[in-house]
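Remarks on the overall topology
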Amino acid sequence: MQLYENILIPLDGSDLAATALPHATTIATTTNANLHLLQVLPTPIITRNSAIQQSILELAHGEAEDYLHDIRRQINQPIAIHVHVSHGRTTPSILDYITDHAIDLIVMSSHGHTGLAKLRYGSIAEELLQQAPCPILLVRHNDKVNI
């Protein structure tokens, strides 16, 4: 029996959130698990011009995919790496992904952004600790390790 088969790393585009990557990569390489890189984009405020809103959504989605594919290339390990961009509220989107992809370990930074967003990301970690159906490895924001 394999201890971990699917490991999730929720990323927000920040360097601090990426500090979880070496930890998750090491575990995935050691256990031959699949690595899942997920970025959740917030649902935008609805504007009167849906064409402009659609263009903004497509641009943000493309930038998030590029970011995740860059991370995928940097990992450079012989493991399966899946990338996914989701839209919506962060915690519910992560919980849905966990269920849909049989995630059995989450590896994430305790804080992603600085300032007010840092508090937001910390609350996401706290929400996941309370609601996730699988173990979570929280990497402190000052535990920087290179991939």
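Definitions and cut-offs
Residues numbered from 1 in each chain as written. Predicted model: local features only at pLDDT ≥ 70, side-chain atom pairs only at ≥ 80, totals over all residues. Heavy atoms only, no water. Helix = DSSP H or I, 4+ residues; strand = E, 2+ residues; numbered from the N terminus. Buried < 20%, exposed > 50% of the residue type's maximum accessible area, 1.4 Å probe, protein only. Contact = heavy atoms within 4.5 Å. Areas by Shrake-Rupley, 256 points an atom, 1.4 Å probe, with all protein chains shown as cover. Pairing = 2+ DSSP bridges. Axes fitted to C-alpha atoms, helices over the stretch in contact; angles between N-to-C directions. Salt bridge = Lys/Arg side-chain N within 4 Å of Asp/Glu carboxyl O.

With respect to the overall build of the protein
- For the protein, the count of helices and strands is 4 helices and 5 strands.
- Counting from the amino terminus, the protein carries its helices and strands in the arrangement β-α-β-α-β-α-β-α-β.
- Taken across its 147 residues, the protein has 42% of its residues classed as buried.
- Looking at the protein alone, contacts between residues at least 24 apart form 78% of all its contacts between residues at least 6 apart.
- Surface accessibility of the protein: about 8300 Å² in total, with carbon and sulfur atoms responsible for 53%.

Remarks on the environment of His 82
- With respect to the helices and strands, His 82 occurs in strand 3 (residues 81-87).
- It is 4.7 Å that separates the C-alpha atoms of His 82 and His 36, two residues lying 46 residues apart in sequence.
- Beyond its immediate sequence surroundings of up to four residues, His 82 is in contact with Asn 34, Leu 35, His 36, Leu 37 and Arg 72.

What to know about the sheet that holds strand 4 (residues 105-109)
- Ordered by their spatial adjacency, 5 strands build an open sheet running 3-2-1-4-5, and the pairing between neighbours is parallel. The outermost strands of the open sheet, each flanked by one partner alone, are strand 3 and strand 5 (136-139). The mean angle between the axes of side-by-side strands here comes to 20°, regardless of whether they run parallel or antiparallel.
- As paired strands, strand 2 (residues 34-41) and strand 3 are joined by 7 bridges and run parallel to one another. The residue bridging Gln 39 from the neighbouring strand is Val 85, located in strand 3.
- Most of the contacts of helix 1 (residues 21-31) go to strand 1 (residues 6-11), to which it runs at about 165°, and overall it touches strand 1, strand 2, strand 4 and strand 5.

Focus on the pattern of salt bridges
- Applying the stated criterion across every chain, the model contains 1 salt bridge.
- Its salt-bridge partner being Asp 70, residue Arg 73 comes within 2.3 Å of it at the nearest N-O pair. Of this pair, Arg 73 and Asp 70 both sit in helix 2 (residues 50-75), 3 residues apart, roughly one helical turn.

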